[in-house]
Amino acid sequence: MDAKTTILDVLKKEGEPMSAGQIAEKSGLERKEVDKAMKSLKEEELIVSPKRCYWTPKA
């Protein structure tokens, strides 16, 4: 499973906005890997930020 899929799974499972640090902690991925994958997810508009520095999957 790639990092982007893992991040989306964690966000969907938690059901609430999460910071990159929280995602890294829950997913077991390195923070740098999370940041890189989240940048790609943002560009693809698969995640949105309801408040500063917190992310949730796009509905």
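To keep things clear, this report deals only with the structure shown in the data block. (Residues numbered from 1 in each chain as written. Predicted model: local features only at pLDDT ≥ 70, side-chain atom pairs only at ≥ 80, totals over all residues. Heavy atoms only, no water.)

## Brief notes about the environment of V48
This is how it is decided: Each helix is a run of H or I in the DSSP string that is no shorter than four residues. Each strand is a run of E no shorter than two, and both are numbered from the N terminus. For the exposure calls, accessible area comes from a 1.4 Å probe over protein chains only, and a residue counts as buried if that area is under 20% of its type's maximum, exposed if over 50%, partly exposed in between. Note on contacts: a residue pair is in contact if any heavy atoms of the two residues lie within 4.5 Å.
Inspection of the secondary structure assignment puts V48 in strand β1 (residues 47-51). Look at V48 and you get partly exposed, because its relative accessible area is 34%. V48 sits 43 residues away from T5 along the chain, and the two C-alpha atoms are 15 Å apart. With residues up to four places along the chain from it excluded, the contact list for V48 reads Y54, W55, T56, P57 and K58.

## As for the packing of helix α2 (residues 20-27) against helix α3 (residues 31-43)
Counted only if it meets this: Only C-alpha atoms enter the line fits that serve as axes; for helices the fit covers just the stretch in contact. Angles between N-to-C directions range over 0 to 180 degrees. Handedness of a crossing is defined here by the sense of rotation of the near helix relative to the far one, left-handed for an anticlockwise turn of less than a right angle and right-handed for a clockwise turn. Side-chain classes follow a simple rule in which Ala, Val, Leu, Ile, Met, Phe, Trp, Tyr, Cys and Pro form the nonpolar group, Asp, Glu, Lys and Arg form the charged group, and the remainder, Gly included, forms the polar group.
Running from N to C, α2 and α3 cross one another at 120 degrees; their axes reach a closest spacing of 9 Å. In terms of crossing hand, the pair formed by α2 and α3 is right-handed. The residues of α3 that touch α2, namely those facing A20, G21, I23, A24 and S27, are R31, V34, D35 and M38. Among the residues making up the contact of α2 with α3, the classes are represented as five nonpolar, two polar and two charged.

## Concerning the packing of aromatic side chains
Filter applied, for reference: Two aromatic rings from Phe, Tyr or Trp, using only the six-membered ring of Trp, form a pair when their centres are within 6.5 Å; if the ring planes differ by under 30 degrees the pair is stacked, by over 60 it is edge-to-face, and anything between is tilted. In this analysis the charged atom, NZ for Lys or CZ for Arg, is taken to sit over a ring once it is within 6 Å of the ring centre and within 35 degrees of the ring normal.
Applying the stated criterion across every chain, the model contains zero aromatic pairs. When the ring centre of Y54 is taken as origin, the NZ or CZ atom of K51, which lies over that ring, is 4.7 Å away.

## Observations concerning helix α1 (residues 3-14)
We count it as follows: Given a helix with a known number of residues, its expected span is that number minus one, times 1.5 Å.
Compared with the 16 Å implied by 1.5 Å per residue over 12 residues, the 16 Å span of α1 between its first and last C-alpha is a close match. Every buried residue of α1 is accounted for by A3, T6, I7, L8, V10 and L11. One or two residues past the end of α1 sits G15, with phi positive at roughly 70 degrees.

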